[in-house]
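Inside the fold
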Amino acid sequence: MNHDTQAAPAQLGTDRADAALQRLRLLKRLSSIVIGLSLVTMFLGPLVRAESAGLACPDWPLCHGLVVPWGHGYQVFLEWIHRVAGGITALALALAACVFVALRDAQLRAAFAVPALLALGLMITQILLGMLTITKQLDAYVVKSHLLNAILFLSAVVYMRQKARRAIDAGAAEPPVRTLSVIASGVFLALIFIQLFLGGRVSTNYAGLVCPAFPACYVAETTGADGVTKRDPVYLPPLIGATEMHMTHRFMAYLLFALSVGLVVLAEVKRWPAARAKLAWLLLTLILLQIFIGVVNVLNYVPVTITVLHSFVAYLIFLAAWILWLELRFDRASG
């Protein structure tokens, strides 16, 4: 009898632990779905802008007064897909399920209530900014705010996913890392966020073609008294207006490349866990790819395909930098 009495609480504890683990796994899966849908929507956003379809639906929340604007052409359909199918319906439903799971259980609520409610608030803000993008006729500040809010929303959901994954894998904790590594990756992450702002500034102010050359901004032609024309590359033009926007974005790209090399060196010197070191190498690779895409973008006069790819890779860079910082911070806390 005593044996059965002692076994019952033990079994109950095991059942509760299994149920908690299942809820964590569900939260991780739902967060992954939200992240995937967010990336699809964030891919469509630059495509809408590159195709000059931002005002293809001149009204909101309907499109030409219709729920589904059949027969209104490619640009209208593209904007509608971004706004409704990807941007609101599927994403909102997935987020609602994610927030519900995070808040319904006391243990999960303690760990995930803040990021879940933050993600919900940012989602509502994103919808309102989408409305203002239309009603304010693509105002540059609204469009930039729309982009940066999307990044913040993605960050909140990624935080939930990584924290859930960490809780699931609690028995396989990585060795702790030094505070220097956390600070260095945090500074790098902050600069990536600033670069996203600078890139959005270039795009919304149509400054992509003010510097049509690379690595120079442009080539200046001067004709001397002897009639000979000289072509001199201008690497540092007057930093005013659209030229300042473009060149500031370029200079930040060079800085980020140098810092990504520094992160790889730091990872090797400080012997980061293998998964974190791979993230550092991934960031260096993505930044090299992004610089190459940026050069192709400029030299080919900002074609739609390359422009969209340039924006999407920027999101992937931020995502990788955010995950790296989170994982290093978790490693530091576990030590």
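Before reading on, note that the structure itself is shown above.
A brief look at the structure comes next. (Residues numbered from 1 in each chain as written. Predicted model: local features only at pLDDT ≥ 70, side-chain atom pairs only at ≥ 80, totals over all residues. Heavy atoms only, no water.)

1. A closer look at the pattern of salt bridges
- Within this structure, the stated rule accounts for nine salt bridges.
- Among the ionic pairs, Arg201 bridges to Glu244, the shortest N-O distance being 2.9 Å. Here Glu244 lies in helix α6 (residues 241-269) and Arg201 lies in helix α5 (residues 179-204), a separation of 43 residues in the sequence.
- On the accessibility criterion, Arg201 (15% relative accessible area) is buried.
- Through salt bridges with shared partners, one network takes in Arg165, Arg166, Asp169, Arg276, Glu327 and Asp331. (Salt bridge = Lys/Arg side-chain N within 4 Å of Asp/Glu carboxyl O. Helix = DSSP H or I, 4+ residues; strand = E, 2+ residues; numbered from the N terminus. Buried < 20%, exposed > 50% of the residue type's maximum accessible area, 1.4 Å probe, protein only.)

2. Quick look at the state of the cysteines
- The final tally for this structure, using the stated rule, is two disulfides.
- Paired through a disulfide, Cys57 and Cys63 show a sulfur-sulfur distance of 1.9 Å. With the S-S dihedral at roughly -75°, the linkage between Cys57 and Cys63 falls on the left-handed side.
- By relative accessible area, Cys63 is classed as buried at 1%. (Disulfide = S-S within 2.5 Å.)

3. Quick look at the packing of helix α4 (residues 140-168) against α5
- Remark: α4 packs on α5, axes separated minimally by 10 Å, with the N-to-C direction vectors making an angle of 150°. Helix-helix and strand crossings are classified by hand; for α4 and α5 the assignment is right-handed. Contact residues: Ala140, Val143, Lys144, Leu147, Leu148, Ile151 and Leu152 in α4; Phe193, Leu196, Phe197, Gly200, Arg201 and Thr204 in α5.
- Classifying every residue of the contact of α4 with α5 by side-chain character gives nine nonpolar, two polar and two charged. (Axes fitted to C-alpha atoms, helices over the stretch in contact; angles between N-to-C directions. Left-handed = near helix turned anticlockwise from the far one by under 90°. Contact = heavy atoms within 4.5 Å. Nonpolar A, V, L, I, M, F, W, Y, C, P; charged D, E, K, R; others polar.)

4. Topic: a nonpolar patch on the surface
- A grouping of Phe214, Tyr235, Leu236, Leu239, Phe251, Tyr254 and Leu299 is seen on the molecular surface, where their side chains present a nonpolar patch of about 670 Å² in accessible area.
- Topologically, Tyr254 is positioned in helix α6. (Patch = residues over 30% accessible without salt bridge, like charges linked within 9 Å, V, L, I, M, F, W, Y side chains within 5 Å. Areas by Shrake-Rupley, 256 points an atom, 1.4 Å probe, with all protein chains shown as cover.)

5. So, unusual backbone geometry
- Across the junction of Trp60 and Pro61, the peptide omega takes the value 10°, indicating a cis bond.
- By secondary structure assignment, the location of Pro61 is in the loop between α1 (2-50) and α2 (74-104).
- The peptide bond linking Phe214 to Pro215 adopts the cis configuration, its omega dihedral lying at 5°.
- Following the sequence through the fold, Pro215 ends up in the loop between α5 and β1 (218-223).

6. Side note on the pairing of strand β2 (residues 229-234)
- Direction of pairing for β1 relative to β2: antiparallel, over a ladder of six bridges. Among the inter-strand pairings, Glu221 is bridged to a residue of β2, identified as Arg231.
- Where β1 folds back on β2, the antiparallel hairpin that results is connected by five residues, among which Gly227 adopts a positive phi of roughly 85°. (Pairing = 2+ DSSP bridges.)

7. What about α4?
- Its 29 residues give α4 an end-to-end C-alpha distance of 42 Å, which sits within 8% of 42 Å, the value for a rise of 1.5 Å per residue.
- Among the 29 residues in α4, 22 count as buried, and that is most of the element.
- Its side-chain oxygen 3.1 Å from the backbone nitrogen of Tyr141, Asp139 forms the N-cap of α4. (Expected span 1.5 Å × (residues − 1). Polar contact = N/O pair within 3.5 Å; in protein donor to acceptor, adjacent residues only side chain to side chain.)

8. With respect to the packing of aromatic side chains
- All chains considered together, the criterion is met by six aromatic pairs.
- Arranged with centres 6.4 Å apart and planes meeting at 55°, the rings of Phe251 and Tyr254 form a pair that is tilted. Here Phe251 and its partner Tyr254 are both found in helix α6, three residues apart, which amounts to about one turn of the helix.
- Sitting over the ring of Tyr141, Lys144 keeps its end group 4.6 Å from the ring centre.
- It is Lys163 that lies over the ring of Phe112; its NZ or CZ is 6.0 Å from the centre. (Phe/Tyr/Trp six-rings, centres within 6.5 Å; stacked < 30°, edge-to-face > 60°. Lys NZ or Arg CZ within 6 Å of the ring centre and 35° of its normal.)

9. Details of the side chain of His310
- For His310, the location among the structural elements is in helix α8 (residues 304-334).
- Once you skip the residues sitting within four places of it in the chain, His310 turns out to touch His249, Gln290, Ile293, Gly294 and Asn297.

10. Remarks on the nonpolar core
- With 68 residues, the main nonpolar core has Phe112, Phe153, Val158, Phe188, Trp272, Leu283 and Trp322 as its most contacted residues.
- Those elements giving two or more residues to this core turn out to be α1, α2, α3 (106-135), α4, α5, α6, α7 (274-299) and α8.
- Considering each element in turn, this core owes the most residues, 15 residues, to α8.
- The next biggest cluster of nonpolar side chains, apart from the first, holds 11 residues, and it includes Leu47, Cys57, Val76 and Trp80. (Core = buried A, V, L, I, M, F, W, Y, C linked by side-chain atoms within 4.5 Å.)

11. Quick look at α6
- A rise of 1.5 Å per residue sets the reference length of α6, with its 29 residues, at 42 Å; its end C-alpha atoms lie 42 Å apart and thus fit the reference within 8%.
- In the stretch just after α6, Arg271 is the one whose phi turns positive, near 55°.

12. Re the packing of α6 against α7
- Where α6 contacts α7, the axes come no closer than 9 Å and their chain directions differ by 155°. As summarised for this structure, α6 and α7 are arranged roughly antiparallel, according to the angle between their axes. The interaxial crossing formed by α6 with α7 has left-handed handedness. Across from His246, Arg250, Ala253, Leu256, Phe257, Ser260, Val261, Leu263, Val264, Ala267 and Glu268 in α6, the residues of α7 making contact are Ala277, Ala280, Trp281, Leu283, Leu284, Ile287, Leu288, Ile291 and Val298.
- The residue inventory of the contact of α6 with α7, partitioned by class, reads 16 nonpolar, two polar and two charged. (Parallel < 35°, antiparallel > 145°, perpendicular 65-115°, else oblique.)

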